[in-house]
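If you want the building blocks of each chain, they are given just below.
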Amino acid sequence: MTQERKDIIILAMGKVLQVIIALVSIKILTEVLSTEEVGNYYLLLTILMFFNFTFLNPLGQYYGRYLIAWETSKNLLTATNTLILLRVFIIFVSLIFGYGIFEYFGYSKYYSLFDFLLFVFIALVAGTHGVLISVVNTLGDRIKFIKYLVMTLLLSLVLSLVFVYFFDKSAMSWLYGIAVAQLFFTVFVYKYLSKNNHFSLFKMKSILNKEYVKKVSYFIIPITLTLFLQWGQNISYRFIIELKYSIEVLAFIAVGLSISGAIFSAVEGLATQYFNPIYLKKITNAMEKKRAEAWNEVASMILPIYLLLMLFVMSLSPYLTKVLVAEKFHEAYIYVLLGAMIEFFRVSTNIVYLVSQSELKTNSTILPYTVGFVISIVTLYLVDFSNDLWLIPLVLTVAYMSIFLILFISMKKLLAITIDLISLAKALLIAVPFGVAYFLDTDYSMFITLLIVFVMGLYFLLGVYMLSLKKQKEMVS
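Residues numbered from 1 in each chain as written. Predicted model: local features only at pLDDT ≥ 70, side-chain atom pairs only at ≥ 80, totals over all residues. Heavy atoms only, no water.

A. Geometry of the overall build of the chain. A count of helices and strands for the chain gives 18 helices and 0 strands. Expressed as a percentage of the 477 residues in the chain, the buried residues total 55%. The contacts of the chain with a sequence gap of at least 6 include a subset with a gap of at least 24, amounting to 84%. A total of about 21300 Å² of accessible surface is found on the chain, and carbon and sulfur atoms cover 70% of it. (Helix = DSSP H or I, 4+ residues; strand = E, 2+ residues; numbered from the N terminus. Buried < 20%, exposed > 50% of the residue type's maximum accessible area, 1.4 Å probe, protein only. Contact = heavy atoms within 4.5 Å. Areas by Shrake-Rupley, 256 points an atom, 1.4 Å probe, with all protein chains shown as cover.)

B. Focus on the environment of Phe373. Secondary-structure assignment places Phe373 in helix α15 (residues 366–382). The partly exposed category is assigned to Phe373, whose relative accessible area is 21%. Apart from the residues within four sequence positions on either side, Phe373 is in contact with Leu229, Gly232, Gln233, Ser236 and Val378.

C. Quick look at the confidence of the model for the chain. Looking at the chain as a whole, its pLDDT mean stands at 81, while 84% of the residues score no less than 70. Considering each helix and strand of the chain separately, the mean pLDDT is smallest for helix α9 (residues 201–207), with a value of 60, and largest for helix α5 (residues 113–126), with 92. (pLDDT = per-residue confidence, 0-100.)

D. Local environment of helix α4 (residues 76–104). An ideal rise of 1.5 Å per residue puts 42 Å on 29 residues; α4 measures up with 41 Å between its terminal C-alpha atoms. Backbone geometry just after α4 places Gly106 at a positive phi near 65°. (Expected span 1.5 Å × (residues − 1).)

E. Structural detail: the packing of aromatic side chains. If you walk through the whole model with that rule in mind, you get 28 aromatic pairs. Judged by centre distance (6.1 Å) and plane angle (85°), the rings of Phe50 and Phe55 are edge-to-face. Judged by relative accessible area, which is 19%, Phe55 ranks as buried. (Phe/Tyr/Trp six-rings, centres within 6.5 Å; stacked < 30°, edge-to-face > 60°.)

F. Looking closely at the pattern of salt bridges. In the structure shown here, the tally under the stated rule is 3 salt bridges. Between Glu242 and Lys109 there is a salt bridge, with its nearest N and O atoms 3.4 Å apart. Linking Glu242 in helix α11 (residues 237–244) with Lys109 in the loop between α4 and α5, this pair joins segments that are 133 residues apart in sequence. Arg346 is the salt-bridge partner of Glu268, the closest N and O atoms lying 3.4 Å from each other. One end of the pair, Glu268, is in helix α12 (residues 247–283); the other, Arg346, is in helix α14 (residues 333–358), and 78 residues separate them in sequence. The class for Glu268 is buried, based on a relative accessible area of 12%. With a relative accessible area of 15%, Arg346 lands in the buried category. Three or more residues are tied together by salt bridges with common partners; here these are Glu268, Glu343 and Arg346. (Salt bridge = Lys/Arg side-chain N within 4 Å of Asp/Glu carboxyl O.)

G. Representation of α15 within the structure. Here α15 contains 17 residues, and its C-alpha end-to-end distance of 23 Å stays within 8% of the 24 Å for a straight helix at 1.5 Å per residue. Along α15, the residues that are buried comprise Pro368, Tyr369, Gly372, Ser376, Ile377 and Leu380. Down the axis of α15, the smallest arc covering the buried residues is 130°, so these residues share one side. Residues of α15 that are exposed and point over 90 degrees away from its buried face: Leu367, Tyr381 and Leu382. (Arc of directions from axis to C-beta.)

H. Layout of the side chain of Ser317. As for its placement among the helices and strands, Ser317 is situated in helix α13 (residues 288–324). Given the relative accessible area of 1%, Ser317 is considered buried. Within the structure, Ser317 has its side chain in polar contact with the backbone oxygen of Met314 (distance 3.1 Å). For Ser317, the contacting residues outside a window of four places in its chain are Tyr333, Val336 and Leu337. (Polar contact = N/O pair within 3.5 Å; in protein donor to acceptor, adjacent residues only side chain to side chain.)

I. Main features of the nonpolar core. Counting residues in each nonpolar core, the largest one holds 153 residues, and the members touching the most others are Tyr63, Tyr107, Phe119, Trp295, Tyr306, Val313 and Leu316. The element that contributes the greatest number of residues to this core is α13, accounting for 21 residues. Dropping the residues within four chain positions of it, Val313 is found in contact with Ser260, Ile263, Phe264, Leu320, Val336 and Ala340. (Core = buried A, V, L, I, M, F, W, Y, C linked by side-chain atoms within 4.5 Å.)

J. Summary view of a nonpolar patch on the surface. A cluster of nonpolar side chains, contributed by Leu243, Val374, Val378, Tyr381, Leu382 and Val383, occupies part of the molecular surface with about 570 Å² of accessible area. When residues of the nonpolar patch are assigned to their parent elements, the largest contribution, 4 residues, is made by α15. Mapping Tyr381 onto the fold places it in helix α15. (Patch = residues over 30% accessible without salt bridge, like charges linked within 9 Å, V, L, I, M, F, W, Y side chains within 5 Å.)

K. Here's a closer look at the environment of Leu153. Within the secondary structure layout, Leu153 lies in helix α7 (residues 142–166). A relative accessible area of 24% means that Leu153 is categorised as partly exposed. A C-alpha to C-alpha distance of 7.8 Å links Leu153 and Ile178, two positions 25 residues apart in sequence. Setting aside its immediate chain neighbours within four residues, Leu153 contacts Gln18 and Ile21.

Here is the structure:
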């Protein structure tokens, strides 16, 4: 068996475990928490993601872009320590904005100011786990990566249940369980990254000069604005829903969209975990033509799978909802269906977004996300959808589609990228049998429902195999 095939099997097994744990977590979350607390859970996630997207992720993307170069020069530990130090400083600054959010939106009806700020601080510090664990995968240690990832998820679920049942049945308690698990395993991941690397205080000080800071700023400032717009496009609608309608309406819509999000994130995670390291190696120190070829290979491999997944989720939405969430949320399947379209354009846009980083021209991503942000936020804020709540995700779908089209046109000006339409057509043909689900009865017993999802899931995997077998061989050659 080739090393590439082994890597795929290891990542696939780990991703299956990750998906199972994530989906079980959604099921348990919606069972043990009240509708209001489920809404609070998504509200707190929205706030944390605001800080991550706007303040922390831009620096993390710069770190990820030069990761392999730092590892080669044995400067990875110095770069990692610098990143952690800067993250802690930025988190303290974020608390000022956290206070403003708390006061502006009147969240004293849900939490005390001290509890809110303490939670934000701990959760953001714990988020360092995600940055460091991705390094393990990028450096090629698939087994270690899967081990840390799955063990973190398992401990997160266990601790969340312990905190909910022994301290407080609240969204904050659930999220504290996740944060504590992440902090625990961050120690082990950091020790792993410290091997075969040495820390140099002199080098850390030497990079904090005017020229280097300008270079980093040129890279991350456009990313910061872009990621803020991504956050605004992705989940800021939750602020508007809670403000205009209610926390219960937020819970219902967010649960439905989160099912599609969890499924797509799982597939996207598997794809990026395997192909991103290969892609980064191919574009490092490569000529423009080779960088374009590298992106075209990745896109021709991944986009058809995303299209097939969208049609799978849309067709199975009533059955997936019945299996994955508490009975009180079963009618949210319409949001699962629409969420599949949202997720397709979101993950496809992320593939196109890679071009801006490979070309180090991240300012070109601002306009597309600005357009999407304006379409979604302005429409949702000005129009009352009280009688047709399903139109809310439809507005988001239009916004995401606009971002994808504008960004693709913009990135095509930077690099000769193309989309393999033949592969997309094959995905459409393979997806035809999913239509059978529309003629089945959604009131089947849980056993029959599980059987339908299982059979269709196997067919989806077969479709992925048919789409990717030849492409994968070309990609790793």
